[in-house]
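Here's the letter readout for the chains.
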Amino acid sequence: MWTIIRKKATQKSTILELGCGTGYNIQKARDTGIPFRHYTGFDFSEDMLKQAQEKFSGEKKVKVLQKDITLKPGKEKYDIILSTWVFSHLETPSDVANAYARQLKRGGTMFLLFLTRPAWYIHFWFYPLLRLFAADYVREEEVAAMQNKKRVVKVIGGLGTLVEIK
Ligand SMILES: C[S@@+](CC[C@H](N)C(=O)[O-])C[C@H]1O[C@@H](n2cnc3c(N)ncnc32)[C@H](O)[C@@H]1O
């Protein structure tokens, strides 16, 4: 994902992250020199946002806002939209993916990395942990319902799926 983002991103790029948490990906983009004009992170957790806001206070190019991504997106459009390890917390991930895909600028790309059911020997010990965190695998039907997919790649023995949407 980051290899493609690095190739796509320019100083003019606007980036939106859905469920930015404490800002791990923002930090990664900034510290590895991925160019962007503006990086916005949405998260609905006050605790997570507080930590992210502390990290990026004083950085004009970064904005982290409280927003539930299952609610209607705003009007702003972005060059790159990304989300990592968030969609397994959503009831209907495809609705969120399809709604935010409409917030992509022409030629923009969305990258979604989320948990999916892995091989049985991983599922066996991983699933109880997942349920402990009130999360679940994103079902195959949900992945199928995501529109305008350019690429779907299984990672970590199927535990993760990366979807690229145009
Ligand atoms: C496992 S963390 C991942 C954080 C970050 N994306 C990362 O990879 O480090 C999941 C995050 O999704 C956020 N989240 C879950 N459901 C959400 C929703 N409906 N709207 C906004 N944020 C949400 C949680 O608050 C949490 O910060």
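Now for a look at the structure at hand. (Residues numbered from 1 in each chain as written. Predicted model: local features only at pLDDT ≥ 70, side-chain atom pairs only at ≥ 80, totals over all residues. Heavy atoms only, no water.)

1. Section: the overall build of the protein chain
Looking only at helices and strands, the protein chain features six helices and seven strands. If you list the helices and strands of the protein chain from N to C, you get α-β-α-β-α-β-β-α-β-α-α-β-β. Taking 2.2 N^0.38 as the reference for a compact globule, 166 residues should give roughly 15 Å; the C-alpha atoms of the protein chain span a radius of gyration of 16 Å, in line with that estimate. Its C-alpha atoms give the protein chain principal-axis dimensions of about 45 × 35 × 30 Å. (Helix = DSSP H or I, 4+ residues; strand = E, 2+ residues; numbered from the N terminus. Rg over C-alpha atoms; globule rule 2.2 N^0.38 Å.)

2. A look at the site of the ligand
Taken together, the neighbourhood of the ligand is formed by 18 residues, with Gly19, Asp43, Asp68, Ile69 and Thr84 sitting nearest. One of the side-chain N or O atoms of Asp68 is found 2.9 Å from a nitrogen atom in the ligand. Taking Thr84, its side chain carries an N or O atom lying 2.6 Å from an oxygen atom of the ligand. Burial of the ligand by the protein amounts to 82% of the accessible area it has alone, namely 600 Å². Among the cavities detected, the one that contains the ligand is the largest pocket. The residue inventory of the shell around the ligand, partitioned by class, reads eight nonpolar, six polar and four charged. (Near = heavy atom within 4 Å. Polar contact = N/O pair within 3.5 Å; in protein donor to acceptor, adjacent residues only side chain to side chain. Areas by Shrake-Rupley, 256 points an atom, 1.4 Å probe, with all protein chains shown as cover. 1 Å grid on protein atoms, 1.4 Å probe; cavity = no way out; pocket = protein on both sides within 12 Å on 5 of 7 lines; lining within 4 Å. Sits in = over half its atoms within 2 Å of the grid points. Nonpolar A, V, L, I, M, F, W, Y, C, P; charged D, E, K, R; others polar.)

3. Points about the sheet that holds strand S4 (residues 78–84)
With mixed pairing, the seven strands of this open sheet are ordered in space as S3-S2-S1-S4-S5-S7-S6. Among the strands making up the open sheet, the edge pair consists of strand S3 (62–66) and strand S6 (149–155). Across this sheet, the average inter-strand angle for adjacent strands is 15 degrees, counted without regard to direction. Of the pairings in the sheet, the one linking strand S1 (residues 14–18) to S4 comprises three bridges and is parallel in character. Within the sheet, the bridge partner assigned to Leu16 lies in S4 and is Ile81. Contacting S1, strand S2 (38–43), S3 and S4, helix H2 (residues 24–31) runs over the sheet at an angle of about 165 degrees to S2. The strands that helix H3 (residues 46–56) touches are S2 and S3; relative to S3, the one it contacts most, it runs at about 165 degrees. (Pairing = 2+ DSSP bridges. Axes fitted to C-alpha atoms, helices over the stretch in contact; angles between N-to-C directions. Contact = heavy atoms within 4.5 Å.)

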